[in-house]
Amino acid sequence: MKVFLNPGHSPNGVPDPGACNPYTHLRECDVAKSIGDLVEKYLVAAGVEVVGNVQSDNLYYDSDYDQPCVCEEANASGADIFVSIHADAFDETAHGTSVLAYGPGTGEKLGGYILRQIVDSLGTQNRGVKYRPELTVLHRTDMPAVLVETAFIDNDEDEKLLETHRDDFARAIARGITDFEQGVFNA
């Protein structure tokens, strides 16, 4: 199985760092990149081929970003699945983990495996697999795709997990991917 990883938002936070904790100033782009790099390390160690690990907000070739078009790059990579890694934000009280998928099907199954591993490993609230067909990274990719909202960066408890347990998030995401591989690709 070939995996394309997409740590959310722009490299170095320019032009869009994503969500940011208003008190600690922890940025989503930094958390996503750190977790994404660790996920790649664990997948490679497990014998899974990672064909891309691209941090980018560029979703179209005709944008003003000086970055590759991440959806087109993923489509050209030969990847079997696409996993975008993010941190959520809302009102400083919302917390937990969710995974966004295009709709019912293989992406939903992949999301369920990843969600289960994160919730079981880190004890975050299970916010479920949610359908978000309007998200570009879910509908412009040719392979099953998910967007993982690891935890809420603007919630004090979740922010602490994102700050100190990135390795645990990465291991859980990698295990979810390998569980999916065993359950779907090798079934």
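Reading guide: rules and limits
- Residues numbered from 1 in each chain as written.
- Predicted model: local features only at pLDDT ≥ 70, side-chain atom pairs only at ≥ 80, totals over all residues.
- Heavy atoms only, no water.
- Core = buried A, V, L, I, M, F, W, Y, C linked by side-chain atoms within 4.5 Å.
- Buried < 20%, exposed > 50% of the residue type's maximum accessible area, 1.4 Å probe, protein only.
- Helix = DSSP H or I, 4+ residues; strand = E, 2+ residues; numbered from the N terminus.
- Contact = heavy atoms within 4.5 Å.
- Salt bridge = Lys/Arg side-chain N within 4 Å of Asp/Glu carboxyl O.
- 1 Å grid on protein atoms, 1.4 Å probe; cavity = no way out; pocket = protein on both sides within 12 Å on 5 of 7 lines; lining within 4 Å.
- Points joined across faces, edges and corners; volume = space filled by probe spheres on them.
- Nonpolar A, V, L, I, M, F, W, Y, C, P; charged D, E, K, R; others polar.

Q: Any chance you could explain the nonpolar core here in plain terms?
A: Val39, Val83, Ile114, Ile173 and Ile177 are the most contacted members of the largest nonpolar core, which totals 37 residues. Breaking this core down by element, the ones donating at least two residues are strand S1 (2-7), helix H1 (28-45), strand S3 (81-88), helix H3 (106-122), strand S6 (145-152), helix H5 (156-164) and helix H6 (166-185). Looking at this core element by element, the count peaks at seven residues for H6. In contact with Ile114, other than residues within four places in its own chain, are Val83, Val146, Val148, Ile173, Gly176 and Ile177. One finds Val70, Met143, Ala145 and Leu147 within the second-largest nonpolar core, a separate group that totals 14 residues.

Q: Hey, could you run me through unusual backbone geometry in this one?
A: Apart from glycine, the bulk of residues carry a negative phi angle, and the bulk of peptide bonds sit in the trans form. A positive phi angle, near 80°, is found at His9, a position not held by glycine. For His9, a relative accessible area of 14% puts it in the buried group. Residue His25 is not a glycine yet carries a positive backbone phi of 65°. Summarising the element assignment, His25 is placed in the loop between S1 and H1. Residue class for His25 comes out exposed when judged on its relative accessible area of 55%.

Q: Help me understand the pattern of salt bridges, please; the structure alone is not making it clear to me.
A: A full pass over the atoms with the stated rule returns six salt bridges. One salt bridge in this structure joins Arg166 and Glu163, with 3.9 Å as the shortest N-O distance.

Q: What's the story with the layout of surface pockets in this structure? I'm lost.
A: To find the voids left in a structure, one rolls a probe of water-molecule size over its atoms. The volume enclosed by the largest pocket comes to roughly 370 Å³. If you trace the largest pocket, you find 23 residues lining it, with His86, Leu100, Leu135, Leu147 and Glu149 closest to the centre. Sorting the residues of the lining of the largest pocket by element identifies S3, strand S4 (97-101), strand S5 (126-131), helix H4 (136-139) and S6 as the ones contributing at least two each. Counted by class, the lining of the largest pocket contains eight nonpolar, eight polar and seven charged residues.

What is shown is where atoms sit, not what they do.
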